[in-house]
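Notes for the structure review
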Amino acid sequence: TDAEVNTRKKTFTEVQAERLEQAERTVLIKCPSKLNEKKLLQYLSSHGSIKSHFFFENRGIHALIEFSEKNSIASLQDAVGVPSSAEHHVPFKSRLFTLTLKNPVSQAAGETPVHLSPQSHIPVKELIQKLCHADSISSQMYILLNEYQLTDENIKLRFLACSLVRDFARAYFPDSTVKPFGSSVNTFGKLGCDVDMFLDFHDTRKHAAKVRKGPFEMEFQMKRLPSERLATQKILSVIGDCLDNFGPGCVNVQKILNARCPLVKFSHQPTGFQCDLSVSNSIAIRSSELLYIYGCLDPRVRALVFTIRCWARVHGLTNSVPGNWITNFSLTMMVMFFLQKRSPPIIPTLDQLKELADEDDKHVIGGYDCSFVSDLSKIKPTKNTETLDELLGDFFEYFGNFDFRKNSLNLRKGKEVNKPESSPLYIWNPFEQDLNISKNVNQPQLEKFIAMARESAWILQKEDKTHRTLNKEPWGLAALLVPFGKSTPNKMKNRMKGIGSETIRSLLDSLKLNNANTLQKAVGK
């Protein structure tokens, strides 16, 4: 409702802090397949009041228990025994527990299975069936959003995974925190997506400012290293070894320390997540907050992004493996750019958000200006009233006919600008303005995207609304989620006409651009 939209939304930092504090009061318990939920909660309540709980399935039944007070966890840990099997165990007492029944046969008899919270989205085939029962494309898009978006329970589980890794990091760095970034927190995460997390030492840096009082200055003696990158590599190497050797449920640990952004990849079996751990990636955090703001400003933003990303995945335009295809991040930025271009705009440009920033919002990271307003109430709501039906069709129309040979997408300014170099798809990084976030995309993949966009625009234009209820064929959004090649091979060929020549044109443009650059350099000398 409008009232819900107008109530003050929390800032990104407030939400993060709240979730992190919540995770510190939380434990994860592996349970028998049948148990009495009431008795379990009574048993745990002897250690303190329980604020919330839910059960989920992941290699067996698990219960996430959030206590009202943090000291309830210490009370529970004091009452828990170590594993009794003959194997040797690492004596690290975490917040992961296993619950067993003392008399499994008699206790399990008659117990009903607990309600399980879903941790993955429904298959596309099931989704298409659901969409066919909707009464408009807008309704279909909100159904898709509801099925695919992260649930409150899943978000709690993500913050718990970070909190459990933080318990290890604090053995070495007591002031450190581990926070999620990217899709887990930017409001665009899909059920089943990986957890990107980073080790943050900002509390340590704040501490440095407090000691400059009185006639003396004191500072900690710390190990000196020649570069920040080397320090990051060493820290991640140690934490990676720690997780690998001592972390309950941390498996397949890979240390990828020579990447542009060094990281540790691992599977966290208790929560079921694939995790990537890096060290303070400040610009990535700002990107997460920017998307959080856009996602909170208008409900149509998230509905359109989820729809476009699901559509792209069905048609093989995106892939979970790195390659030459468009990434989800690039697609999301394309949607944001499209919404900035509406008349009136649905979301503001980054430059407009920067104008609203106060002193606390100012951030310059590595020489890049990453300032923008964090208080959502300072941003005026849009006067745009277009329906999602209109926006979806116009998105495909807009990018199906976009001049990718000449133009790039600039979200700071909210306008098309001439490409600074010849990449087939050029989307300016909103903060690191000398970077193209879609540099990996090659010409064939871009042409495939254009063809699919044109085909989708055509399907939506020819939509006969009167046959929706009579005809059992998928309609609207559902029709776009059926692979096109199977149902309309000849029509696809028609839509592809004229695109092939763009490859030749882009190569010629590339040569012209390179020649111009060479000439400029020669003149400059």
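In the block above lies the structure referred to throughout.
Residues numbered from 1 in each chain as written. Predicted model: local features only at pLDDT ≥ 70, side-chain atom pairs only at ≥ 80, totals over all residues. Heavy atoms only, no water.

1. Here's the deal with the overall build of the protein chain
Looking only at helices and strands, the protein chain features 20 helices and 13 strands. The 525 residues of the protein chain split such that 48% are buried. Within the protein chain, contacts between residues at least 6 apart in sequence are counted, and of these 68% link residues at least 24 apart. In the form shown here, the protein chain has an accessible surface area of approximately 27800 Å², with 54% of it arising from carbon and sulfur atoms. (Helix = DSSP H or I, 4+ residues; strand = E, 2+ residues; numbered from the N terminus. Buried < 20%, exposed > 50% of the residue type's maximum accessible area, 1.4 Å probe, protein only. Contact = heavy atoms within 4.5 Å. Areas by Shrake-Rupley, 256 points an atom, 1.4 Å probe, with all protein chains shown as cover.)

2. Section: helix α12 (residues 299-314)
For α12, built from 16 residues, the straight-helix expectation of 22 Å at 1.5 Å per residue is met to within 8% by its first-to-last C-alpha distance of 23 Å. Sitting at the head of α12, D298 places a side-chain oxygen 2.9 Å from the backbone nitrogen of R300. Taken from the residues just after α12, G316 is the one with a positive phi, measuring 70°. (Expected span 1.5 Å × (residues − 1). Polar contact = N/O pair within 3.5 Å; in protein donor to acceptor, adjacent residues only side chain to side chain.)

3. What to know about a nonpolar patch on the surface
Among the surface-exposed residues, V90, F92 and F246 lie close enough to one another that they form a single nonpolar patch of about 250 Å² accessible area. Structurally, F92 is set in the loop between α4 (71-79) and β4 (96-98). (Patch = residues over 30% accessible without salt bridge, like charges linked within 9 Å, V, L, I, M, F, W, Y side chains within 5 Å. Salt bridge = Lys/Arg side-chain N within 4 Å of Asp/Glu carboxyl O.)

4. Notes on the side chain of K156
Mapped onto the elements of the fold, K156 is located in helix α8 (residues 152-172). A polar contact is formed between the side chain of K156 and the side chain of S52, at a distance of 3.0 Å. Contacts of K156, omitting those with residues within four sequence positions, involve R19, Q22, S52, F54, L64 and E66.

5. What about the nonpolar core?
Core analysis: the biggest nonpolar cluster contains 89 residues, and L304, W311, F396, F399 and F449 have the highest contact counts within it. Once residues lying within four places of it in the same chain are set aside, the contact partners of F399 are M334, F337, F338, F404, L409, F449 and I450. Counting residues in each nonpolar core, the second largest holds 32 residues, with L160, A169, V178 and L236 among its members. (Core = buried A, V, L, I, M, F, W, Y, C linked by side-chain atoms within 4.5 Å.)

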